[in-house]
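# Examination of the molecular architecture
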Amino acid sequence: EYGLGIAVAMQLIDDLSAHRFAVYTGAYFPWRQVFPLPAAIYSAFLVGEVVLLVLFFAGRYTRLAAFGLAALLFVDNLVSFLNHRLLMSIVMGLVALRPAPGGWHSAIGRTKGLYYNLDVIRFQISVVYICTAIHKMHSGFLSGEVLYNMFDMLLVYRPPFGLLLLERWLMDPAVCRVLAVATVAVELGLGIGLNSRALSGVLLPVAAALHITFAVLMPSIWVFTFLMLVCLIVFVPDRLPAAGTYTLYHNHSATWPRLLPWIVWP
């Protein structure tokens, strides 16, 4: 819950610092908006988001604050068109179904319960991975052309540090082709394999490495990266229906997979 609230706050700060509200309200590029929001209404949305975030972090009226944030993020996304803002709205709405009792600051280490909404969030993240992979299954991406053009554009206009170090290697069409196919395979594998008790401990570091690599090679996606890293937490605990609690699962078939969840958890 803390991590999700931080992700929402990061997006709000990013929008304000870059003055994107002028685009979202139709002040710039009015033809972009289907339902442009007047500046006064959009400003009220932003103020409401700040108030709800304060309540959410304070652990006061957590369910109401989470539902309110989910609603504001959803309406905001009707004019801002950000996929990860929509994901924030969905996950925040699911958190509101069963937040930590009494605020998470008083619940951590003291109260355990059956959080069915974490199962739904887990399913939602799996859908994200699978649909993202399916969306990339076309000749333009699998041939490496999309990645080649993206790397070339970034080098010309806004070269991130990670890309500069790998410039010669990443501008090889054959390497771009391999990376494209590997990306689709990994995303499909994560969408399915993270739900496996035996594989989740191995795949969680893979998922984290994938998102961090995306963030290093591509600018302006750190909010999405942080959001996905936070959402990966739902794959770490495993429900024990008999006890009605969550506990960290260990794969006892081998030593090294057993250690991986402990490496990822902190």
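Refer to the structure presented above.
Residues numbered from 1 in each chain as written. Predicted model: local features only at pLDDT ≥ 70, side-chain atom pairs only at ≥ 80, totals over all residues. Heavy atoms only, no water.

### Details of helix H13 (residues 197-217)
Along its 21 residues, H13 runs 31 Å from first to last C-alpha, staying within 8% of the 30 Å computed at 1.5 Å per residue. Where H13 bends most, the angle comes to about 40°, and this point is Leu203, followed within four residues by the proline Pro205. Every buried residue of H13 is accounted for by Ser200, Gly201, Leu203, Leu204, Ala207, Leu210, His211, Phe214, Ala215 and Leu217. (Helix = DSSP H or I, 4+ residues; strand = E, 2+ residues; numbered from the N terminus. Expected span 1.5 Å × (residues − 1). Bend = angle between axes of the 7 residues up to and from the residue. Buried < 20%, exposed > 50% of the residue type's maximum accessible area, 1.4 Å probe, protein only.)

### A short note on unusual backbone geometry
Even without being glycine, Tyr61 reaches a positive phi, approximately 50°. Look at Phe81: it is not a glycine, yet its phi comes out positive at around 55°. On the secondary structure map, Phe81 appears in the loop between helix H4 (62-80) and helix H5 (83-97).

### Digging into helix H12 (residues 173-193)
Because the α-helix completes a turn every 3.6 residues, residues three or four places apart line up on one side. Between its first and last C-alpha atoms H12 spans 29 Å; for 21 residues at 1.5 Å apiece the expected length is 30 Å, and the two agree. On its buried side, H12 packs onto helix H7 (116-135), helix H8 (139-142), helix H9 (145-157), helix H11 (167-170) and H13. Near the N-terminus of H12, the side chain that reaches the backbone nitrogen of Ala174, with its oxygen 2.9 Å away, is that of Asp172. (Contact = heavy atoms within 4.5 Å. Polar contact = N/O pair within 3.5 Å; in protein donor to acceptor, adjacent residues only side chain to side chain.)

### Quick notes on the environment of Arg63
Of note, Arg63 is situated in helix H4. Classification of Arg63 as partly exposed rests on a relative accessible area of 43%. Sequence-wise, Arg63 and Met92 are 29 residues apart; in three dimensions their C-alpha atoms are separated by 9.6 Å. Here Leu97 takes part through its backbone oxygen, which lies 2.8 Å from a polar atom of the side chain of Arg63.

### With respect to the nonpolar core
Met92, Ile125, Tyr129 and Leu194 are the most contacted members of the largest nonpolar core, which has 48 residues in total. Mapped by element, the contributors of at least two residues to this core are helix H1 (2-17), helix H2 (21-24), helix H3 (39-58), H4, H5, H7, H13 and helix H14 (222-231). Other than its neighbours up to four places away in sequence, Met92 contacts Leu4, Val8, Phe56, Ala66, Leu69 and Ala70. Phe141, Leu154, Cys176 and Leu217 belong to the second-largest nonpolar core, a separate cluster that totals 13 residues. (Core = buried A, V, L, I, M, F, W, Y, C linked by side-chain atoms within 4.5 Å.)

### Things to note about a nonpolar patch on the surface
Where nonpolar side chains cluster on the molecular surface, the patch consists of Phe74, Leu78, Leu86 and Ile90 and spans about 320 Å² of accessible area. Where the nonpolar patch is concerned, the elements lending two or more residues are H4 and H5. Mapped onto the elements, Leu86 comes out in helix H5. (Patch = residues over 30% accessible without salt bridge, like charges linked within 9 Å, V, L, I, M, F, W, Y side chains within 5 Å. Areas by Shrake-Rupley, 256 points an atom, 1.4 Å probe, with all protein chains shown as cover. Salt bridge = Lys/Arg side-chain N within 4 Å of Asp/Glu carboxyl O.)

### Points about the pattern of salt bridges
Under the defined criterion, the tally for this structure stands at 4 salt bridges. Notably, a salt bridge pairs Arg85 with Asp15, separated by 2.8 Å at the nearest N-O pair. Here Arg85, found in helix H5, pairs with Asp15, found in helix H1; they are 70 residues apart in sequence, far enough to count as distant. Residues Arg85 and Asp76 are paired through a salt bridge, measuring 3.3 Å at the closest nitrogen-oxygen approach. Accessibility classification places Arg85 together with Asp76 in one group, the buried group. When salt bridges with common partners are traced through the structure, they connect Asp15, Asp76 and Arg85 into a single cluster.

### Considering the packing of H4 against H5
Direction vectors running N to C along H4 and H5 enclose 160°, while the axes themselves pass 8 Å from each other. Here H5 runs roughly antiparallel to H4, going by the angle between their axes. Classified by chirality, the crossing of H5 by H4 is left-handed. Two secondary-structure elements touch here, H4 through Arg63, Ala66, Phe67, Leu69, Ala70, Leu73, Phe74, Asp76, Asn77 and Ser80 and H5 through Arg85, Leu86, Met88, Ser89, Met92, Gly93, Ala96 and Leu97. Its residues assigned to classes, the contact of H4 with H5 shows 11 nonpolar, 4 polar and 3 charged. (Axes fitted to C-alpha atoms, helices over the stretch in contact; angles between N-to-C directions. Parallel < 35°, antiparallel > 145°, perpendicular 65-115°, else oblique. Left-handed = near helix turned anticlockwise from the far one by under 90°. Nonpolar A, V, L, I, M, F, W, Y, C, P; charged D, E, K, R; others polar.)

### A word on the packing of H1 against H5
Interhelical geometry of H1 versus H5 gives an angle of 145° and a closest axis separation of 11 Å. As H1 runs across H5, the sense of the crossing is left-handed. Contacts from Leu4, Ala7, Val8, Gln11 and Asp15 in H1 reach His84, Arg85, Met88, Val91, Met92 and Val95 in H5. For the contact of H1 with H5, the residue count by class is 7 nonpolar, 2 polar and 2 charged.

### Remarks on the side chain of Ser200
Relative to the helices and strands, Ser200 is located in helix H13. Ignoring any residue separated from it by four or fewer positions in sequence, one finds Ser200 in contact with Gly193, Leu194 and Phe235.

### Some words on the packing of aromatic side chains
Within this structure, the stated rule accounts for 2 aromatic pairs. Where Phe56 meets Phe57, the ring centres are 6.3 Å apart and the plane angle is 75°; that geometry is what we call edge-to-face. One aromatic cluster is present, formed by Tyr2, Phe56 and Phe57 through successive ring pairs. (Phe/Tyr/Trp six-rings, centres within 6.5 Å; stacked < 30°, edge-to-face > 60°.)

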